[in-house]
Structure formats: structure tokens, C-alpha cells
Amino acid sequence: METKEYGAGGDGQDGGVGDPARPRVGVLPVPGARIHYEVRGSGPLLVLLPGGGGDAGVYDAFAPLLAEVYMVVALDPRGYSRSVLDGPPVTQTVERQADDVAALVAHLGGGPADVIGGSDGALVGLDLLARHPTLVRRVLAQEPPAFGLLPDAEEHRAFIASVHETFVREGLGPAGARFAAWAGAGGDPWEPTPELAARLFANGPRFLEHELRSFTSWVPDVEALRGPAAAGRLVLAVGRETRGALCREPAVTLASRLGLDPVPLPGGHGGWLAAAEESVSVIRELMK
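Remember, it's a predicted structure, so these values are computed and weren't measured experimentally. The residue numbers shown here count from 1 along each chain, following its written sequence. Restriction of local features to residues with pLDDT of at least 70 applies here, the model being predicted, together with a cutoff of 80 or more for giving and counting side-chain atom pairs; totals for whole chains, interfaces and linings are based on all residues. Here the side-chain values reflect all heavy atoms present in the structure, with hydrogen atoms and water set aside.

Asker: How should the pattern of salt bridges be read in this particular structure?
Answerer: Pairing between side chains becomes possible if they bear opposite charge and their charged atoms approach one another. A carboxyl oxygen of Asp or Glu within 4 Å of a side-chain nitrogen of Lys or Arg is what we treat as a salt bridge. Taken as a whole and judged by the stated rule, the model has 18 salt bridges. With its nearest N and O atoms 3.3 Å apart, the salt bridge here joins R96 to D100. Within this pair, R96 and its partner D100 are both found in helix α2 (residues 94–107), separated by four residues, close to a single helical turn. For D100, a relative accessible area of 2% translates into the label buried. D99 is the salt-bridge partner of R131, the closest N and O atoms lying 2.9 Å from each other. Labels follow the DSSP assignment, with helices taken as runs of H or I lasting at least four residues and strands as runs of E lasting at least two, numbered in each case from the N terminus. Whether a residue is buried, partly exposed or exposed follows from its accessible area with a 1.4 Å probe, protein chains only, as a fraction of its type maximum: under 20%, in between, or over 50%, in that order.

Asker: How do you make sense of the nonpolar core when you look at a structure like this?
Answerer: Soluble globular proteins: nonpolar side chains tend toward being buried together. By nonpolar core is meant a set of buried Ala, Val, Leu, Ile, Met, Phe, Trp, Tyr and Cys residues that side-chain atoms within 4.5 Å join together. The biggest cluster of nonpolar side chains holds 44 residues, and the ones touching the most others in it are V47, L75, V101, L126, L234 and L254. Sequence-distant contacts of L234, defined by excluding residues within four places in its chain, comprise L126, L129, V139, A141, L258 and L260. Only heavy atoms matter for contacts: two residues are in contact if any of them lie within 4.5 Å across the pair.

Asker: Please explain the packing of helix α4 (residues 153–170) against helix α6 (residues 194–210) as it appears in this structure.
Answerer: With their axes 9 Å apart at the nearest point, α4 and α6 run at an angle of 135° to one another. Considering their axes alone, α4 and α6 lie oblique with respect to each other. The way α4 lies across α6 gives a crossing that is left-handed. Between α4 and α6, the contacting residues are V163, H164 and F167 on the first element and P205, L208 and E209 on the second. Partitioned by chemical class, the residues of the contact of α4 with α6 number four nonpolar, one polar and one charged. Lines fitted to C-alpha atoms define the axes here, with helix axes fitted over just the stretch in contact, and angles between the N-to-C directions of these axes take values from 0 to 180 degrees. Note on terminology: angles under 35 degrees are roughly parallel, angles over 145 are roughly antiparallel, angles of 65 to 115 are roughly perpendicular, and the others are oblique. If you view the pair so one helix is near and one far, a crossing is left-handed when the near helix is turned anticlockwise from the far one by less than a right angle, and right-handed when it is turned clockwise. Nonpolar residues are Ala, Val, Leu, Ile, Met, Phe, Trp, Tyr, Cys and Pro. Charged residues are Asp, Glu, Lys and Arg, and all others, Gly as well, are polar.

Asker: Can you help me understand the packing of aromatic side chains in this one?
Answerer: Between two aromatic rings, the relevant description is the distance of the centres plus the angle of the planes. Pairing of aromatic side chains here covers Phe, Tyr and the six-membered ring of Trp, requires ring centres within 6.5 Å, and sorts the geometry by plane angle: under 30 degrees stacked, over 60 edge-to-face, intermediate tilted. Applying the stated criterion to the full structure yields six aromatic pairs. Centroid distance Y59 to F62: 5.8 Å. Interplanar angle 75°. Geometry classified as edge-to-face. Residue Y59 shares its accessibility class with F62, and that shared class is buried.

Asker: Before we go on, may I ask you to explain empty space enclosed by the protein in this structure?
Answerer: It is a probe the size of a water molecule, rolled over the atoms, that shows where empty space is left. In this analysis, the protein atoms alone were mapped onto a 1 Å grid. Cavities are point sets where a 1.4 Å probe fits without being able to get out; pockets are open sets with protein on both sides within 12 Å along at least five of seven lines; lining residues have an atom within 4 Å of a point. Grid points are joined across faces, edges and corners, and a volume is the space filled by probe spheres set on the points. Applying the stated criterion to the full structure yields two cavities of 30 Å³ or more. Of the pockets and cavities examined, the largest cavity occupies roughly 70 Å³. Lining the largest cavity are I35, L49, P50, L75, P77, R78, Q97, D100, V101, G121 and V124. For the lining of the largest cavity, the element with the most residues is α2, which contributes three residues. Here the second largest cavity defines a volume of roughly 50 Å³. In terms of lining residues, the second largest cavity is bounded by F147, G148, A153, H156, R157, I160, T216 and S217. Counting residues per element, the lining of the second largest cavity draws most heavily on α4, at four residues. When its residues are assigned to classes, the lining of the second largest cavity shows three nonpolar, four polar and one charged.

Asker: Which parts of the structure should I look at to understand the layout of surface pockets?
Answerer: Estimated volume of the largest pocket: approximately 1,100 Å³. Looking at the lining of the largest pocket, the elements that each hand over two or more residues are α5 (172–183), α6 and α10 (271–274). Of the residues in the lining of the largest pocket, the class split is 20 nonpolar, 14 polar and two charged.

And the structure:
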């Protein structure tokens with residue numbers, strides 16, 4: 001398996017090994033895609049996984065703070081932003097994305113890596129821990145949208161299908177707003193840069209068409225997460241401001257089934273990204 005690495009400006013230079021604000025950038029070929037990833041700092045490996053439709057840039061405020069201790073790696077999931085597919089878009093699966101992360105960890109030295117994932121990235125972290133436990137030291141999963149764990153899972157599946165129908169009929173804006181209002185996932189003060197906002201907007205249709213339904217219907221392997229290979233290595237997190245919101249419930253349900261206490265992070269479903277310094281302070285304690 002080949003990889004291409006280059007500086008942040010694509011010039012073949014060092015890429016700022018000593019400058020956490022200027023990541024080294026690489027491209028890793030995997031089956032069916034080429035994964036764009038960004039590396040800051042040195043030390044134990046820490047992988048950051050974005051939520052649905054997100055890319056490495058959502059962690060631009062986080063990664064430099066964590067790079068004081070870790071070699072921090074953030075990536076664009078396959079098919080999004082700079083991680084191009086070898087063919088046309090197909091249904092995204094949690095397992096396929098987890099296998100991509102496993103390949104990246106192996107490429108970067110084999111771990112074991114700490115992993116932090118938010119929303120859909122939290123689902124990927126859960127699957128990585130369940131199926132690739134030797135590559136993982138600890139996983140922090142922030143509000144994974146595993147609605148299939150809930151008692152009314154079929155109702156949630158039907159609603160997600162109706163969101164997709166809204167997307168087909170009315171477009172990205174109405175469908176995204178309807179989903180965010182239903183899940184209680186909106187309203188956080190996080191503001192991406194114009195460049196990142198443009199990439200996320202471009203990713204939106206692909207997320208609604210090829211990821212939303214498959215990811216929200218995915219169910220973690222609870223027995224594997226409870227088993228000896230994964231025991232003691234999972235932290236489930238919730239937003240301080242999502243009490244009573246649906247987006248919080250899968251994490252609470254999974255924590256109950258695993259005998260864990262969910263850990264609160266600042267803000268709502270995505271508010272921990274806005275409160276980067278406070279969140280990183282909490283996370284560094286949790287990941288010790």
C-alpha cells in the first residue's frame with residue numbers, strides 16, 4: 001500500500017512538524033478510495049473522526065491543542081472533501097469507514113491509538129474498538145446517533161427515511177433543518193471558516209443520500225464492546241445542553257447497557273467543537 005505525504009502547501013516540504021497550526025498532509029490509498037489525512041505534533045497516536053459530512057477541518061481548533069501531547073491525525077472520510085472515491089458514490093457504511101481508519105492507524109505505526117469521534121464519527125470509533133481492538137487504546141464517542149438501540153427504533157428509521165424523501169423533493173436545506181430539529185442537534189455556536197463551510201456544504205447532499213440512513217440504523221456490537229478485548233477502553237460522552245434531546249439518548253442507552261456513566265462535554269451535540277479549550281482540557285483527563 002502506497003502513501004503520498006507532502007507539506008500543507010503541497011510543496012514536498014516538511015509541512016511544519018514543529019508547528020501544530022500547519023499540519024503535514026498525506027493521502028493513503030485504500031480499497032475504493034484515497035484518504036486525505038492531516039498530522040500534527042508527535043508522541044502517542046490520537047485519531048480524530050468527524051461527524052457525518054464533516055472532514056478533518058472541523059478539528060482545526062482542537063488538533064493544535066492536543067498536538068502538545070499527541071501525534072494528532074484528522075481525516076476526511078471516504079467520498080468527502082479531499083478523500084476521493086475511485087468510482088461513483090455508493091452507500092457509506094460504518095464498517096467501511098472503520099476499516100479505513102484501521103488501515104490509517106496501521107500505516108502510521110500500528111497504534112494502539114486513542115480515538116475521538118463525534119456523532120457519525122463516534123459510530124466509527126465504536127466499530128473500530130469492537131472489530132479492531134488491538135489497534136485501539138481508548139475511544140471517546142460523543143453522542144453516537146445509534147438510534148437502532150432505542151425502543152422505538154422503527155419509528156426513528158421511518159422518520160430518517162422521510163428526511164431522505166424531503167431531500168429528494170425539496171433539497172439540502174429543508175432536509176437538514178428537519179433532521180436537526182428532530183434530533184435536537186442544532187443551535188450550537190460553532191462557526192466554520194468560509195473555506196471549511198464551503199466544503200461541508202458541498203458534502204451535504206452526499207451525506208443525506210449515501211450516509212444518513214445507513215449510519216443511523218447501524219447498531220453497535222454491544223457484546224464485543226462489553227467483552228474482555230474492549231472492556232475499560234470506551235468513554236461515552238454527551239453534551240451538557242442536550243438533556244431531553246433525542247441525539248443524546250443512544251449514548252445514554254449504550255452507557256446503561258455497558259455499565260458506564262456518560263461524561264458531559266460543553267455545549268450541545270456539536271458545542272464541544274466551539275468550546276475547544278475547555279473540551280480539550282476535559283478530554284485530556286479522560287484519555288489518560
